[in-house]
Amino acid sequence: MSTNVMQKPPAFPIPAGVFAQTVTSVEHFTDRLFKFRVTRPASFRFRSGEFVMIGLPNAEKPVFRAYSIASPNWDEEIEFYSIKVPGGPLTEHLQKIAVGDTVLMRKKPTGTLVNDALLPGKRLWMFSTGTGIAPFASLIRDPDTYEKFDEVILTHTCRDLAELTYGQQLVAATKQDPLVGEVARGLRLYSTTTRETSPQMGRITDLMASGKVFADLDVTPITPEVDRAMICGSMDMLRDTRAMLEGFGLTEGANNRPDTFVVERAFVD
């Protein structure tokens, strides 16, 4: 539900061709990760899983970066999940935003992590590392996802346990959501760490190669007859997971050519 928040005047004029939206909430999870929500323009439409370019009105020529929209397409607000990069052209300032501040958002969303880019299937895998979970935060809260797939498995790999908090809270809230909670019964979360000791450790590609992830979830290995997949994360993770899926017989698709898996290459370093 939207919140009435008084907007603070931006430091610089708003550029043409962008929305100027007000920050409604900010939550910091670790010294590296935070989420924030902004008001949603009445005319803004997007497909769950897409990204948009955002920036701050803190310069005459603001820096814009691609950010996946973490809220579903029915939400009254727009949510983003971000890393904090010391010295980063945008995140150095973005991590300091507060309720009432202005965030700039270009008007055209885009992206490949949308249900329309996949052929019909029975089981959907969402492979993510770090803030790469953001587009899946949108998709798992979209009823359309559960109309197209009987089972949805979200994997989230981070270095430390605290970095998994956003995903854990997200899935728990989704299963209690009055709109999608009933249909999201087929949603499962598989969280792993690569540095701090946790119940599940390792890179997701290593866990697929060994078969451990399939054994842990009590599911059959990935096949093109049953499975579809989406990937979002670091460049190394994208490359290795893509190769792994191709080894299982899946083929990369796109918006204009749906197939058995898709990759999002626009992300925040």
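The structure presented is a predicted model; accordingly, all values stated were derived computationally and were not measured. (Residues numbered from 1 in each chain as written. Predicted model: local features only at pLDDT ≥ 70, side-chain atom pairs only at ≥ 80, totals over all residues. Heavy atoms only, no water.)

(A) Representation of the overall build of the chain in the model. A tally of regular secondary structure across the chain gives seven helices and 11 strands. For a compact globule of 269 residues, the expected C-alpha radius of gyration is about 18 Å, and the chain comes in at 18 Å, within 12% of that figure. Projecting the C-alpha coordinates of the chain onto the three principal axes gives extents of approximately 55 × 35 × 35 Å. For the chain, buried positions account for 54% of its 269 residues. Considering only contacts within the chain whose residues lie at least 6 apart along the sequence, 72% involve residues at least 24 apart. Total accessible area on the chain stands at roughly 12000 Å², and carbon and sulfur atoms take up 53% of it. Distance between charge centres in the chain, computed from 30 positive and 33 negative side chains, equals 4 Å. (Helix = DSSP H or I, 4+ residues; strand = E, 2+ residues; numbered from the N terminus. Rg over C-alpha atoms; globule rule 2.2 N^0.38 Å. Buried < 20%, exposed > 50% of the residue type's maximum accessible area, 1.4 Å probe, protein only. Contact = heavy atoms within 4.5 Å. Areas by Shrake-Rupley, 256 points an atom, 1.4 Å probe, with all protein chains shown as cover. Lys, Arg positive; Asp, Glu negative; His and termini not counted. Charge placed at Lys NZ, Arg CZ, Asp CG, Glu CD.)

(B) Quick look at the sheet that holds strand 5 (residues 77-83). Taking strand neighbours across the sheet as the criterion, the six strands line up as 4-3-6-1-2-5 in an open arrangement whose pairing is antiparallel. Because the sheet does not close on itself, it has two edges, and the strands there are strand 4 (64-68) and strand 5. Strand-to-strand, the axes of this sheet are offset by a mean angle of 40 degrees, without reference to chain direction. Relative to strand 6 (residues 102-106), strand 1 (residues 18-28) runs antiparallel, the two sharing five bridges. Opposite A20, over in strand 6, you have L104 as the bridge partner. (Pairing = 2+ DSSP bridges. Axes fitted to C-alpha atoms, helices over the stretch in contact; angles between N-to-C directions.)

(C) Quick peek at helix 7 (residues 235-247). Look at helix 7: 18 Å from first C-alpha to last across 13 residues, which is about the 18 Å you get at 1.5 Å a residue. Considered for burial, the residues of helix 7 that qualify are M237, L238, T241, M244 and L245. For helix 7, the angular spread of the buried residues around the axis is 135 degrees, confining them to a single face. Among the exposed residues of helix 7, those oriented more than 90 degrees off its buried face are R239 and G247. The inward-facing, buried residues of helix 7 contact strand 7 (123-129), helix 5 (204-210), strand 10 (227-232) and strand 11 (261-263). Of the residues trailing helix 7, G249 is marked for its positive phi of about 100 degrees. (Expected span 1.5 Å × (residues − 1). Arc of directions from axis to C-beta.)

(D) Up close: the nonpolar core. Membership of the largest hydrophobic core comes to 29 residues, with the highest contact counts inside it found for M126, F136, I140, V152, Y166 and M230. Only strand 5, strand 7, helix 2 (134-139), strand 8 (151-158), helix 4 (165-176) and strand 10 provide two or more residues apiece to this core. With near-sequence residues (within four places) excluded, F136 lies in contact with L113, M126, F127, S128, L154, M230, I231 and C232. Counting 21 residues, the second largest nonpolar core, distinct from the first, contains F127, I153, L207 and L238. (Core = buried A, V, L, I, M, F, W, Y, C linked by side-chain atoms within 4.5 Å.)

(E) Molecular detail of the sheet that holds strand 11. One open sheet accounts for five strands, arranged 9-8-7-10-11; its pairing is parallel. Each having just a single partner strand, strand 9 (187-193) and strand 11 make up the two edges of the open sheet. Across the sheet, the mean angle separating the axes of adjacent strands is 15 degrees when strand polarity is ignored. In terms of strand pairing, strand 8 meets strand 9 through seven bridges, oriented parallel. Note that in strand 9 the partner of I153 across the bridge is R188. Its contacts with the sheet place helix 4 against strand 8 and strand 9, and it is angled at close to 170 degrees to strand 9. Packing of helix 7 onto the sheet brings it into contact with strand 7, strand 10 and strand 11, and relative to strand 10 it is tilted by some 170 degrees.

(F) Molecular detail of the pattern of salt bridges. Following the criterion strictly, the structure yields 22 salt bridges and no others. For the salt bridge of D116 with R47, the shortest nitrogen-to-oxygen distance reads 3.5 Å. Of this pair, D116 sits in the loop between strand 6 and strand 7 while R47 sits in the loop between strand 2 (33-39) and strand 3 (51-55), placing them 69 residues apart in sequence. Among the residues examined, D116 registers a relative accessible area of 41% and is labelled partly exposed. Ionic contacts of the salt-bridge type, sharing partners, join the residues R37, D75, E77, E79 and R141 into one network. (Salt bridge = Lys/Arg side-chain N within 4 Å of Asp/Glu carboxyl O.)

(G) Spotlight on the environment of N58. Within the secondary structure, N58 is located in the loop between strand 3 and strand 4. For the pair N58 and F12, spaced 46 residues apart in sequence, the C-alpha to C-alpha distance is 5.9 Å. Contacts of N58, omitting those with residues within four sequence positions, involve F12 and H93.

(H) Representation of the environment of T205 in the model. With respect to the secondary-structure elements, T205 resides in helix 5. Exposure remark for T205: the relative accessible area of 6% places this residue in the buried category. Taking the C-alpha atoms as reference points, T205 and M244, 39 residues apart in sequence, are found 6.9 Å from one another. Excluding anything up to four places from it in sequence, T205 contacts D240, T241 and M244.

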